[in-house]
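Notes for the structure review
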Amino acid sequence: MSKIDLEIAEDLKFDEGDCAVIIKQDGSIGRVIMPDMNRKLLQTEGYKKLLDVLEVLQPGSRDKMIQHAEKGKGSMH
């Protein structure tokens, strides 16, 4: 497993294509922050890892995310 860098900062800095998962105090997923979904994004390793993380935190959320991506855009997965 790769090393995780921990940084405590006053603001959030995102690079293009970055995703973030907000975890509430009770352990539930509060929000997923990510760039606009498009075919290019959905093919990235980062998006696939995001789906893995969401599934660990909240089983069934991977399918919900995929359905959300397909909604109104045709199948992208």
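Whatever comes next refers back to the structure up there.
In what follows, the accompanying structure is described. Numbers given to residues run from 1 along each chain, matching the order in which its sequence is written. Local features in this predicted model are restricted to residues whose pLDDT is 70 or higher, and side-chain atom pairs enter the listing and the counts only when it is 80 or higher, whereas totals over whole chains, interfaces and linings include all residues. The side-chain values count all of the structure's non-hydrogen atoms but skip hydrogen atoms and water molecules.

Segments assigned H or I by DSSP are reported as helices when at least four residues long, segments assigned E as strands when at least two residues long, and all are numbered from the N terminus. What a helix is expected to span follows from its residue count: subtract one and scale by 1.5 Å. In a regular helix each residue adds 1.5 Å, so 13 residues correspond to 18 Å; helix α2 (residues 45-57) covers 19 Å between its end C-alpha atoms and thus fits that length. All of the buried residues along α2 are Tyr47, Leu50, Leu51 and Leu54. The buried residues of α2 occupy one face: seen down the axis, they fall within an arc of 100 degrees. Residue burial is assigned from relative accessible area. The probe radius is 1.4 Å, only protein chains are included, and a residue is buried under 20% of its type maximum, exposed over 50%, and partly exposed in between. Directions pointing from the helix axis toward each C-beta atom define the arc.

Turning to the nonpolar core, a few remarks are in order. In this text, buried Ala, Val, Leu, Ile, Met, Phe, Trp, Tyr and Cys residues form a nonpolar core when linked through side-chain atoms within 4.5 Å. Listed in full, the 11 residues of the largest apolar core are Ile29, Met37, Leu41, Leu42, Tyr47, Leu50, Leu51, Leu54, Met65, Ile66 and Ala69. For this core, the elements supplying multiple residues, two or more each, are α1 (39-42), α2 and α3 (61-70). For this core, the leading source of residues is α2, giving four residues.

Here we come to the packing of α2 against α3. Here an axis means a line fitted to C-alpha atoms, over the contact stretch when the element is a helix, while the angle between two N-to-C directions is reported on a 0 to 180 degree scale. One way to put it is that α2 packs onto α3 with a least axis distance of 7 Å and a crossing angle of 135 degrees. The pairing of α2 with α3 is recorded here as oblique in orientation. Where α2 abuts α3, its residues Tyr47, Leu50, Leu51, Asp52, Leu54 and Glu55 lie against Ser61, Arg62, Asp63, Met65, Ile66 and Ala69. Residues are grouped as follows: nonpolar covers Ala, Val, Leu, Ile, Met, Phe, Trp, Tyr, Cys and Pro; charged covers Asp, Glu, Lys and Arg; every other residue, Gly included, is treated as polar. Looking at side-chain class alone, the contact of α2 with α3 contains seven nonpolar, one polar and four charged residues. When an angle is under 35 degrees it counts as roughly parallel; over 145 it counts as roughly antiparallel; between 65 and 115 it counts as roughly perpendicular; any other value is oblique. Any two residues whose heavy atoms approach within 4.5 Å at even a single point are treated as in contact.

Taken by themselves, the reported measurements are silent on function.
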